[in-house]
Amino acid sequence: MSEDVKRRAPKEHTTDPHSRLRSHSSHDEPAAERSGMKRLSTLWSSFRRGNKDRLKDVPESPVEPGPAEPLEREPRVIRGQYFFEYLVVVSLVKSGGGYEPQISYQFPKRDGMGRSQKEEEEKILKAITLFCFPEGIDWAPMTEYQSETFSFVLTEVDGSRKNGYCRRLLPKGNKACPPEAYCIISKLACFGLFSKIFDEVEKRRQKSMAMIYPFMQKLRESPFPAPGNSVEIKSHIPESGTEIIKLTRPLDSWLEHVNFATLCGCLSNQEILLVFAAAVLERRIVFIAEELGTLSQVAHAVSALLYPFTWQHTLISIVPSILIDVVMAPTPYLLGVQKKMVDLIDDKCDMLLVDLSENRTETFIASIGDEGSILPPKLHDEILLALENKKEKATVEEWNRVVSEAFLGFFVKTVGHYASYLTSSGGAEARRTFQSRAFYKSIKSNTTRHFVKKFMQTQMFDIFIQEAEQRQSGTHQGIFHQKIQEYQNNGKAEKKKR
């Protein structure tokens, strides 16, 4: 490889694992890696084709999920869009020696669709059952069950994404039964808001399933609020009268899909930095925990730490048991695996295996060993110092702001000067070219330059630069560039004082 980083072909934003395998395989790969690819490709092929038992109905595509679009490029939701596409209830139905998840309720019903649309929706609905109950068929009737909320993402054939928000609960009654799952599918990414909606759904479900319908109907008819604004929904509950439910969208809309408090509650600041170091170099990372909510929130939070860059590889926040062999893939990934399935991970080499459980004896079950030396020491300590500003009783928004700014500052100081090395030989609309050698040679700190040289070889950096080359100068570029401007202005002010 020359000193200028080699250009990769622009990556197609797809999260279909089978097509991802095609895009990453090449004749230049080592035989062992091609063998690993073949194993995972075979897994997905059988998963799609199916067999005579329960694999036959597994969806061809979509599966969860791929990388979220970077927040700067993510189309912001406009006021007036539907809150959700539909709500489904997934019930566990006795089947053979276990319980099979099936959709027992859907709102609204989809009528008048063409054949291809109907087939595509059926695939989505079957995928939903898989992710609502990733544990598989091993369930039993119960009288007590702590409800839990988690999320996942479905990626369609055309690359568009749908967010799945799920609340699992035990229906009210004296009879022992398995839990059921309520899942909302929406193009909107706002975990906190949908969690509050589930509170209302659960409250109504404990009285009657029929009470959910009018509430969801009014919600669906309501416009999605702008950042910082609220929407009020009137809902009548027998014996309680008419209630007004107020749903407020966070002001910091670019962070409304993540909750860093969960990440910080599971890991110490130093442990978070080790995970971040592995993620920033696009390594294989597996999180394990008992709770689905913990897995989904931590996986998405770690991905969000990379902003303004985007995780370009496989990201499955909750791996269904039927897909556990995905851990054999030799390519980078962020995976969430329930602790009961950790013994199914045979090969723990070349990965960071992170235990998030409260009763863990060690956090890092497996690691490469160099995670503590990846980040430049000075910037490593600056992030730690910034994270210490977290207040235990802070709101989710306050936690998100402190954590995100700590890591955003890291990228500002390491690669924030990239725009100065985008040159154009033509007019204002000509495509610019990134001068990679001059870019990293301009870094004065040896440790920072060493890190940046490695980071430049990641796919997330390459895609970021390709998009910057295609973007016209002067285009609105988001909070990352605002922070770069602030940092550069502060540097100029410091020089004047001297």
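Residues numbered from 1 in each chain as written. Predicted model: local features only at pLDDT ≥ 70, side-chain atom pairs only at ≥ 80, totals over all residues. Heavy atoms only, no water.

Caption draft 1: View of the sheet that holds strand β10 (residues 333-338). The five strands are arranged β9-β10-β8-β11-β12 in an open sheet whose pairing can be described as mixed. In the strand order of this sheet, the two ends are held by β9 (314-316) and β12 (364-366), each with one partner. Each strand of the sheet is rotated relative to its neighbour by a mean of 25 degrees, with strand direction disregarded. Note: strand β8 (residues 284-289) against β10, six bridges, orientation parallel. Each bridged residue has a counterpart across the sheet, and for V286 the counterpart in β10 is L335. (Pairing = 2+ DSSP bridges. Helix = DSSP H or I, 4+ residues; strand = E, 2+ residues; numbered from the N terminus. Axes fitted to C-alpha atoms, helices over the stretch in contact; angles between N-to-C directions.)

Caption draft 2: How the structure looks around the environment of A366. Assignment of secondary structure puts A366 in strand β12. Once residues lying within four places of it in the same chain are set aside, the contact partners of A366 are K348, M351, L352 and L353. (Contact = heavy atoms within 4.5 Å.)

Caption draft 3: Local environment of the packing of helix α7 (residues 269-280) against helix α10 (residues 396-415). Packing of α7 against α10 leaves a shortest axis separation of 13 Å and a crossing angle of 45 degrees. Here α7 lies oblique to α10, going by the angle between them. Crossing handedness for the pair α7 and α10: right-handed. Taken together, the residues of α10 that come into contact with α7 (itself represented by I272, L273, F276 and V280) are F407, F410 and F411. A class-by-class count of the residues in the contact of α7 with α10 yields seven nonpolar, no polar and no charged. (Parallel < 35°, antiparallel > 145°, perpendicular 65-115°, else oblique. Left-handed = near helix turned anticlockwise from the far one by under 90°. Nonpolar A, V, L, I, M, F, W, Y, C, P; charged D, E, K, R; others polar.)

Caption draft 4: Examining the pattern of salt bridges more closely. All told, the structure shown has 15 salt bridges when counted by the stated rule. Of the charged contacts, one joins K162 and E85 as a salt bridge, the two residues approaching to 2.8 Å between their closest N and O atoms. Of this pair, K162 sits in strand β4 (residues 161-169) while E85 is found in the loop between α2 (31-49) and β1 (86-95), placing the two residues 77 residues apart along the sequence. Summarising the burial analysis for this pair, K162 and E85 share the class buried. Between E200 and K203 there is a salt bridge, and its shortest N-O distance comes to 3.4 Å. Placement of the pair is E200 and K203 together in helix α4 (residues 191-205), with a separation of three residues, close to one helical turn. With relative accessibility at 14%, the residue E200 sits in the buried group. (Salt bridge = Lys/Arg side-chain N within 4 Å of Asp/Glu carboxyl O. Buried < 20%, exposed > 50% of the residue type's maximum accessible area, 1.4 Å probe, protein only.)

Caption draft 5: Highlighting the side chain of S404. Tracing the chain through its elements places S404 in helix α10. Classification of S404 by relative accessible area gives buried; the value is 9%. Separated by 2.7 Å, the side chain of S404 and the backbone oxygen of N400 make a polar contact. Here R401 takes part through its backbone oxygen, which lies 3.2 Å from a polar atom of the side chain of S404. (Polar contact = N/O pair within 3.5 Å; in protein donor to acceptor, adjacent residues only side chain to side chain.)

Caption draft 6: Up close: helix α5 (residues 212-221). Along α5, the residues that are buried comprise I212, F215, M216, L219 and R220. One side of α5 holds all its buried residues, which, seen down the axis, span an arc of 130 degrees. Close packing links the buried residues of α5 with β1, β2 (98-107), β5 (180-186), α4, β6 (230-237) and β7 (241-248). (Arc of directions from axis to C-beta.)

Caption draft 7: Spotlight on the packing of α4 against α5. At a minimum axis separation of 9 Å, α4 and α5 run at an interaxial angle of 155 degrees. Accordingly, the angle class assigned to the pair α4 and α5 is roughly antiparallel. Where α4 abuts α5, its residues I197, E200, V201, R204 and R205 lie against I212, F215, M216 and L219. Per-class residue counts for the contact of α4 with α5 are six nonpolar, no polar and three charged.

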